[in-house]
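Spelled out, the chains give:
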Protein chains: 2
Amino acid sequence: MKKFLFSLIGILAGFLVAALLFADLTPGKKATNEESSSANKSNAEKVYVPFGEKDEYYMMASGGHSGQLFVYGLPSMRKIRTVPVFTPDPATGYGFDKGTKNMLGGKTWGDFHHPSISETKGDYDGKFLFANDVGNNRVAAVDLKTFHTADIIDLPNMGGPHAGVFVTQNTEYVALPTRFARPLGGAYASLDKYKEEYKGVVSMAKFDQKKKKFSIDYQIVLPPWSYDLSDAGKKMSGDWIVMTTYNTEFATSNMEINASQKDRDYIVMVNWKKLAEEAKSGTKAKVVNGIKMIDPRDVKGSIYAVPVSKSPHGVDVTPDGEYFVAAGKLAPIMTVFSFEKAFDEMKKETKKEEFGIPVLKYENVMEREVDPPGALGPLHTQYDDKGNAYNTMFISSEIVKWNYKTGKVIDRTPTYYSPGHASAAEGDTVKPDGKWIVALNKLAKDNFLSVGPSHPESMDLIDISGKKMKHVMTAPVDPEPHYAQIIKADKIKTQKIYEKDEKRPFSTWNQKDARIVRKGNEVHVYGIAMRSKFIFDAKAKRKDEVTVNKGDKVFFHMTNIDLDQDITHGFAINDYDLNFEVQPGQTNTLEFVADKEGTFPIYCSNFCSALHQEMSGYLLVKP
Amino acid sequence: MKKFLFSLIGILAGFLVAALLFADLTPGKKATNEESSSANKSNAEKVYVPFGEKDEYYMMASGGHSGQLFVYGLPSMRKIRTVPVFTPDPATGYGFDKGTKNMLGGKTWGDFHHPSISETKGDYDGKFLFANDVGNNRVAAVDLKTFHTADIIDLPNMGGPHAGVFVTQNTEYVALPTRFARPLGGAYASLDKYKEEYKGVVSMAKFDQKKKKFSIDYQIVLPPWSYDLSDAGKKMSGDWIVMTTYNTEFATSNMEINASQKDRDYIVMVNWKKLAEEAKSGTKAKVVNGIKMIDPRDVKGSIYAVPVSKSPHGVDVTPDGEYFVAAGKLAPIMTVFSFEKAFDEMKKETKKEEFGIPVLKYENVMEREVDPPGALGPLHTQYDDKGNAYNTMFISSEIVKWNYKTGKVIDRTPTYYSPGHASAAEGDTVKPDGKWIVALNKLAKDNFLSVGPSHPESMDLIDISGKKMKHVMTAPVDPEPHYAQIIKADKIKTQKIYEKDEKRPFSTWNQKDARIVRKGNEVHVYGIAMRSKFIFDAKAKRKDEVTVNKGDKVFFHMTNIDLDQDITHGFAINDYDLNFEVQPGQTNTLEFVADKEGTFPIYCSNFCSALHQEMSGYLLVKP
């Protein structure tokens, strides 16, 4: 096997080529060479957002195996918030209060790879953000009004929904192709039966934006190839999804070598609309582990494969919806394919088949191949508003700018180091705005002050508003953003507090209504949190004391009656490993069994006022 | 009760006063007014650290109820790393691998308030950082060579070790005073017996830097007052610790009002050296729940109380060790006390007592009171290298600079908003360097792009190198840094990888030695992680497959043989809710019971190489 690309020599050669090509961008010369062509500002001034002003964009970055969403402001690259999605987070009580604890269902982590903002007419609409969990086979929706995770569901029959999330152009579907082939339902089967028993599956989920609830409309069963980054069509290609594959070799071991044998893998093209109609009113779907599953080979015209250079990492549809670009990974080229040519080719009758899937002729669908000299390891493609594509090069550590209609390479800039994905401002929409791109690097090396053997990742902010790209800053980040989407800040309309709602179940708004209700061994506290006290029982001698018996099931239904922006109260029970929060105007419940007798201080864990320190009470658990 | 300070009107009045006094620092005028006096740089240029350069300081900030340590670079204010301390963290596998899982002992969160870097001769030595857990009564040590948590122990007899961590000047002791009075051992006792049964306790822990292990040398039992921020003496006061108190009223309910009745609470002064000697060779310590406990009233000359303005939030010893400054919280003044005067006063025979503790005369120990007009809610004091003190003002949202030897107020600058603590560069040492102070604000309000009802906190970076303070930037931060220490970067010497050690238990370095050993229903995998594969069994047909029986206890002992900086491998088992990591050269063990039958992909969850995506295998669990 030609492994020269991945040897140390190959990597060093890549850096050398990049260094020679961009000698004027090496660190020592940066200050003078990186003045913006579009604005007469220093790099420092470009990213500095003074008090009283706000960032122009949100960057929503996946948090990888942290399981969380990382929210940044751009251009300052300041991280505004970690939004917990798949992993419990005591800083916000996520996974501790009853509602979110139930939503996580006992799971302790997630592996969130690719965020996708909901779209209307192919444009980010700023309403919801969808997240995949490669580790535990889930999909989540974050409500961008509150930045709270609104729903999470399990995805049966899958083995790591890595190759999502992407949405169709009006968010009709939230699509999640699997990465690892598994027997359906995860059943046991020897790897000797890989080709027969193992399957690749795509989940086509629907998200009801009013009820804030997911459902899986149907699943697509595919050959046990591994599916990698995928995308939905736009405009003329809006009925289609395109998915990259690797391991079309059906290897079951040592994938590094065995899944890299063939010179070509496939882009799989699926007509999601045809399959949706079949799922709705056809007869071909079978119910597997509770989910409607369709073999697209049974639905004529719904699936095709196009050969592509081996083991591509990603495929990205152009903003006009006319092309899809595959990034090579194991071949140092980007390949532009034409949807129009593909549609023409589909009409032809005689086609080769692979695993029963009709294969379109590469040379008839391919528009052009682009091979910038020395640019190694292309992983991902983003776009601007002028017909240009931007590719991350993992091995040669750079971004290459090129025109996808002419194939002309326009500019290259180094990144620090080894970028995986990149994210352009409004980059996945029908109208990217061509201002910024952020390289999400996989290695930081010695970029930042050392924090020991476990390094941060790094991100490069690059100004793409001029003809030449300008590297503006590098920022460290916790492990590990795999992908991000950058959205104009004014598209997101948040709510600042929870409005007072006296009909809300379990809520208590009037101090005198705070009460403790016992039902058998259940103790329900209808309590109030306010600056700067807890009121659990308005009629008691000590209003901030709760006494229960050992073994009681205790419910604290707490309402924060401070309807002021940013006045969140925490609620911790010392020595009981419990903590949750109530945001302004929110009602939230903590449920636990008082299985340990003794005296336990209760305190506000989120600094709320000048007398925050005094906001406390006691839980007494009688023997 | 005089609650006017904390009414909304009071708060608004405070802002108004601050706004009038510092009208030229309001946002619209910032750009022209905030040029540094010490360097001819714009604010933007002051904080911009270009690629190829590094920050000058580490800021180690507590992560509050996240339970973690937040590591920043200064002056860029870029967060370099979240270091997990008290809460599991799948991003680094903390709490998932066997060693760290045992260390957390099933606890799911912590409430980390006040970091303290180890000291030699009163100066940060950059070796370890100590962390308190107010939620679950623990103390932790982070090794600053690796930025890994090295040890955590439980603190029996305590109720939230809020008022620590602080260290004595050669790290002889890691001191942790309790916040909430509880019966010893947390036993049940009615709040009606508060004065008799509830105690305040200080833990005096020792940390063995070679073995990286804590022990509790002794505990000090005190009246059931609440102890707040405390400090150790320096130089001439090096044998002493000073602790603020509130609730000397012995209130048991509605603390906001009932613990704020008296005009004066106390600073408690304890001679830790005298008590250490008593603990070592005396007869007065009793063993309570396994810990030597001393009532300092039994050891003549070991404890005194000094009256102080009501409910102070903090007391901080000056760099020269000659004074201690209490910040008023409920009284708008800072009070400077003299150690020399206190020592003189201690020699006098007739003294009042409170709860058996000799009380020194306020007027004989107090050096001066400082009362800047309109400065409301002083919480915490930091120092520079020129004899100046800096106080955060929670209510009037500002930092006040004043000279602690003259009492003269020198400058004031607004903060955004409501600072709790502040942290000055090298600020807790015998030689602060007077360059920067960071205000750790409690409210961000509308400072940043909105992320819904739950806001980030904020931090202000302020240049204190000139006579006038200069507000340089504001940065958002996840909840919730309560305190931070800022240390010169060159004091921290990290290790970049784990050195190869063939004698390390469970390690495997040679690919051909990878093996699976079965002992009854235990399956031990001695495996290797390397770019870009897992090797579990060198002799098997598929070297990256592990097959076990349902119910087996499985141990993956993984060694990362890539001895290259920044090449960390993750190890996730799909659908099994498991993930951990092995850093370069590290050996780490995952232990779990294979209680679910089926086919489960194993994959590298931390992007490591061009073929990271192919770094995978399978766990098969037979029925």
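Basis of the calculations
Residues numbered from 1 in each chain as written. Chains lettered and ligands numbered in written order. Predicted model: local features only at pLDDT ≥ 70, side-chain atom pairs only at ≥ 80, totals over all residues. Heavy atoms only, no water. UniProt positions renumbered as here; feature names shortened; annotations may be inferred. Contact = heavy atoms within 4.5 Å. Buried area = accessible area lost by both parts, 1.4 Å probe. Salt bridge = Lys/Arg side-chain N within 4 Å of Asp/Glu carboxyl O. Polar contact = N/O pair within 3.5 Å; in protein donor to acceptor, adjacent residues only side chain to side chain. Least-squares fit on C-alpha atoms with pLDDT ≥ 70 in both. Buried < 20%, exposed > 50% of the residue type's maximum accessible area, 1.4 Å probe, protein only. Helix = DSSP H or I, 4+ residues; strand = E, 2+ residues; numbered from the N terminus. Pairing = 2+ DSSP bridges. Axes fitted to C-alpha atoms, helices over the stretch in contact; angles between N-to-C directions.

Per an unreviewed UniProt entry, chain A carries the name Sec-dependent nitrous-oxide reductase and comes from Macrococcoides goetzii. For the record of chain A, the UniProt heading Subcellular location (unreviewed entry) holds the text "Periplasm".

1. Brief notes about the interface of chain B and chain A
Chain B puts 149 residues into the contact, and the matching count from chain A is 151 residues. Both sides of the chain B and chain A interface together cover about 12400 Å² of buried area, and 56% of this is carbon and sulfur. Three residues, Phe51(B), Leu449(B) and Gln613(B), lead the burial of chain B against chain A; their summed loss comes to 7% of the area buried on that side. Our count for the chain B to chain A interface comes out at 12 salt bridges. For Arg182(B), the salt bridge identified is with Asp575(A), shortest N-O distance 3.0 Å. The interface formed by chain B and chain A includes 80 residue pairs in polar contact (both at pLDDT 80 or more).

2. Comments concerning the relation of the copies chain B and chain A
Turning chain B through 180 degrees and shifting it by 0.0 Å along the axis lays it on chain A, with an RMSD of 0.0 Å. One copy is carried onto the other by what is essentially a two-fold rotation axis. By C-alpha distance to the rotation axis, the residue of chain B lying nearest is Ala44(B), at 2.6 Å.

3. Here's the deal with the pairing of strand S15 (residues 264-271) of chain A
Along any regular strand the residues' side chains alternate between the sheet's two faces. Residues and elements named next belong to chain A. Along S15, seven of the eight residues are buried, which leaves the element largely enclosed by surrounding structure. Sheet topology places strand S14 (residues 240-246) next to S15; five bridges connect them, and they run antiparallel. Paired with Val242 across the two strands is Met269, which belongs to S15. Strand direction decides the pairing type here: S15 and strand S18 (residues 303-309), joined by seven bridges, are antiparallel. The partner of Val270 across the bridge, within S18, is Ile303.

4. Some remarks on the sheet that holds strand S26 (residues 388-393) of chain B
Residues and elements named next belong to chain B. The antiparallel open sheet is built from four strands, whose spatial order is S25-S26-S27-S28. Edge positions in the sheet fall to strand S25 (378-383) and strand S28 (409-414), since each has one partner strand and no second. With direction set aside, neighbouring strand axes in the sheet form an average angle of 20 degrees. Note: S26 against strand S27 (residues 398-403), six bridges, orientation antiparallel. Residue pairing in the sheet places Asn388 in a bridge with Asn403 of S27.

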